[in-house]
Amino acid sequence: MRIGEVASAAGVSTRALRYYEQQQLIVSSRSAGGQRLYAPDTVERVRWIQLLYAAGLSSRTIVEFLPCVHTGIAGPEMIARLRAERDRLDEHMRDLAATRARLDSVLAAAEFDATRSGDEAAEV
């Protein structure tokens, strides 16, 4: 697949793909004309990388984790790092859920107030 095809299918920019390649997150070969060519599974790999970035992992950490993702093989040290990262994500998810609950409370109060204000305006 050419760089534009991968970018379009994965929902990222071609610049992002070049950066991922520079960071050794993905690999490409070159066509006779010098164009980057990617394996079809690169699209799924890029989507996974995007999720890991969104979860707060650095490119260095992702590079270290990717072999385990693809082989399912990890030594004790890597297992400990994966668990620590999962625990960090769990904590972040709890924080997000608490924030969402507070926003729900604010929204409910605002909607109640708007409904009450609308009723009072109708009575006048």
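For every chain, the first residue of the written sequence is number 1, and numbering continues from 1 along that sequence. Owing to the predicted nature of the model, reporting of local features is limited to residues with pLDDT of at least 70; listing and counting of side-chain atom pairs is limited to 80 or more, with chain, interface and lining totals taken over all residues. Water and hydrogen atoms play no part in the side-chain values, which are based on all heavy atoms of the structure.

Draft legend 1. Representation of the pattern of salt bridges in the model. Salt bridge, as used here, is a side-chain nitrogen of Lys or Arg placed within 4 Å of a carboxyl oxygen of Asp or Glu. Under the criterion given, the structure shown has seven salt bridges. R47 is the salt-bridge partner of E44, the closest N and O atoms lying 3.7 Å from each other. Taken as a pair, E44 and R47 lie in helix α3 (residues 42-54) at a separation of three residues, close to a single helical turn. Given a relative accessible area of 38%, R47 falls into the partly exposed group. For D113, the salt bridge is made with R116, and the minimal N-O distance between the two is 3.7 Å. Of this pair, D113 and R116 are both found in helix α5 (residues 76-123), three residues apart, which corresponds to roughly one turn of the helix. Strands are runs of DSSP state E lasting at least two residues, helices are runs of H or I lasting at least four, and both sets are numbered from the N terminus onward. Think of it in three bands: residues with accessible area under 20% of the maximum for their type are buried, residues over 50% are exposed, and the middle band is partly exposed, with areas taken using a 1.4 Å probe on protein chains only.

Draft legend 2. Representation of the side chain of T61 within the structure. Tracing the backbone through its elements, the reader meets T61 in helix α4 (residues 59-71). Judged by its relative accessible area of 15%, T61 falls in the buried class. A polar atom in the side chain of T61 sits 3.0 Å from the side chain of S58. Counted as a polar contact is a pair of N or O atoms within 3.5 Å, where, for protein atoms, one must be capable of donating a hydrogen and the other of accepting one, and residues adjacent in sequence contribute only when both atoms are in side chains.

Shape is all these values report; function is a separate question.
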